[in-house]
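# Summary of the model geometry
Here are the chains, one letter per residue:
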Amino acid sequence: MKYLLDTANLDDIRYYYDIFPIAGVTSNPSIVKKEGKIDFFSHMKEIRSIIGMDKDLHIQVTARDTNGMLRDADAILDKVDDKVCVKIPVTLEGMKAIKLLKAKGVTVTATAIYSKQQGFLAMEAGADHIAPYFNRMENMGIDPDDVIASFAEMIELYDYKTKILGASFKNAGQVDRAFLAGAQTATMDPSILSAALGQAHILKAVDDFDADWKSVYGNVTIAEIQ
Ligand code: G3P
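In this report, the structure presented in the accompanying data block is examined. (Residues numbered from 1 in each chain as written. Predicted model: local features only at pLDDT ≥ 70, side-chain atom pairs only at ≥ 80, totals over all residues. Heavy atoms only, no water.)

### Structural notes on helix 5 (residues 92-103)
Spelled out, the test is: For helices the rule is a DSSP run of H or I covering at least 4 residues; for strands it is a run of E covering at least 2, with both sets numbered from the N terminus onward. Multiplying one less than the number of residues by 1.5 Å gives the expected span of a helix. Summary of the burial criterion: residues with accessible area below 20% of their type's maximum are buried, those above 50% are exposed, and those between are partly exposed, where the area comes from a 1.4 Å probe applied to protein chains only. Throughout, the arc means the angular range of directions from the helix axis out to the C-beta atoms. Throughout, a residue-residue contact means that at least one pair of heavy atoms, one from each residue, lies within 4.5 Å.
The end-to-end C-alpha separation of helix 5 is 17 Å, in line with the 16 Å expected for twelve residues at 1.5 Å each. Of the positions making up helix 5, those classed as buried are G94, M95, A97, I98 and L101. Here the buried residues of helix 5 occupy an arc of 160° about the axis, which is enough to place them on one side. In this structure, helix 5 carries L92, K96, K99 and A103 as exposed residues pointing more than 90 degrees from its buried face. Where helix 5 is buried, its residues contact helix 4 (66-79), strand 4 (85-89), strand 5 (108-113) and helix 6 (116-124). At the C-terminal side of helix 5, G105 shows a positive phi close to 85°.

Here it is as structure tokens:
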């Protein structure tokens, strides 16, 4: 399982990167908007310098037409680095862009996936990652577990190299379900990870351990025992 941070916030990336086993960072134009009008390329390069070249950095194009997407991809690969996974929404124009980018050997993440058809077509077009929008599908009455399980089944059946990168999560339970359904990777806002470990019952257990220890040893920690 690979956990990615779905954020462009540098402080969050620095902070959570040290805590969690993070495999990389993703963003999209809506996530970038949260940071204000940043100097886009230098900001993305800063994210890269925090996570290092051995981690995954996914950056989304903003053009809506194929040629524009290809130009965006070139700019990203040129001005950030050539290891970036270029995110392309699976529209008609995006599908064409995915085929053309794969022909050039670019690593592609097919995104904005709400259906089996989008994912199947992106796999067949050679996408390296497909990003089903878990919570958004659930909101639409589409079963995201079933969609992801179908992707996993087809990848196995046809030996595609595509990885399933679950996205659009609103809680840790959805992330778990995506992994259990067959996603290899999930990207999420850091708050989902911190909330998962900050539950009151976990903190209560630790408080109880602390109180029991101190009732016997006082404030002497294990490291301080003589
Ligand atoms: O990575 C895609 C994701 O950012 C979409 O999430 O929360 O806008 O549904 P959301």
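Picking up after the structure, the text goes on.
### A few points about the side chain of R48
Take R48: it is sitting in helix 3 (residues 40-51). Beyond its immediate stretch of four places on either side in the chain, R48 contacts M53, K55, L57, D81, K83 and V84.

### Thoughts on the packing of helix 8 (residues 144-158) against helix 9 (residues 172-181)
Axis angle and axis distance: for two packed helices, these are the angle between their axes and the distance between the axes, and together they describe the pair. Put simply, the rule reads: Orientation is described by lines fitted to C-alpha atoms, with helices fitted over the stretch in contact, and by angles between N-to-C directions that extend from 0 to 180 degrees. For classification purposes, an angle smaller than 35 degrees is called roughly parallel, one larger than 145 roughly antiparallel, one from 65 to 115 roughly perpendicular, and anything else oblique. Each crossing gets its hand from how the near helix is turned against the far one by less than a right angle, where anticlockwise is left-handed and clockwise is right-handed. Polar here means any residue outside two lists: the nonpolar Ala, Val, Leu, Ile, Met, Phe, Trp, Tyr, Cys and Pro, and the charged Asp, Glu, Lys and Arg; Gly therefore counts as polar.
Put simply, helix 8 and helix 9 touch, their axes get as near as 8 Å, and they point 30° apart. Our classification of the angle between helix 8 and helix 9 gives roughly parallel. Considering the relative orientation of helix 8 and helix 9, their crossing is right-handed. For the pair helix 8 and helix 9, the contacting residues are P144, D145, I148, A149 and A152 in the first and R177, A178 and A181 in the second. For the contact of helix 8 with helix 9, a count of residues per class yields six nonpolar, no polar and two charged.

### Observations regarding the site of the ligand
Keep this limit in mind: One heavy atom within 4 Å of a molecule or strand is enough for the residue carrying it to be called near that molecule or strand. Two N or O atoms form a polar contact when they lie within 3.5 Å of each other; inside protein one atom must be a possible hydrogen donor and the other a possible acceptor, and for residues adjacent in sequence the pair counts only when both atoms belong to side chains. Methods summary: accessible areas were calculated by the Shrake-Rupley approach with a probe of 1.4 Å, and residue burial reflects only the protein chains presented.
In the neighbourhood of the ligand, the contacting residues comprise D6, N28, I31, Y133, R136, A167, S168 and K170. Within the side chain of R136, a nitrogen or oxygen atom sits 2.6 Å from an oxygen atom of the ligand. Within the side chain of S168, an N or O atom sits 2.7 Å from an oxygen atom of the ligand. Contact with the protein chains covers 81% of the free accessible surface of the ligand, which is 300 Å². Partitioned by chemical class, the residues of the shell around the ligand number three nonpolar, two polar and three charged.

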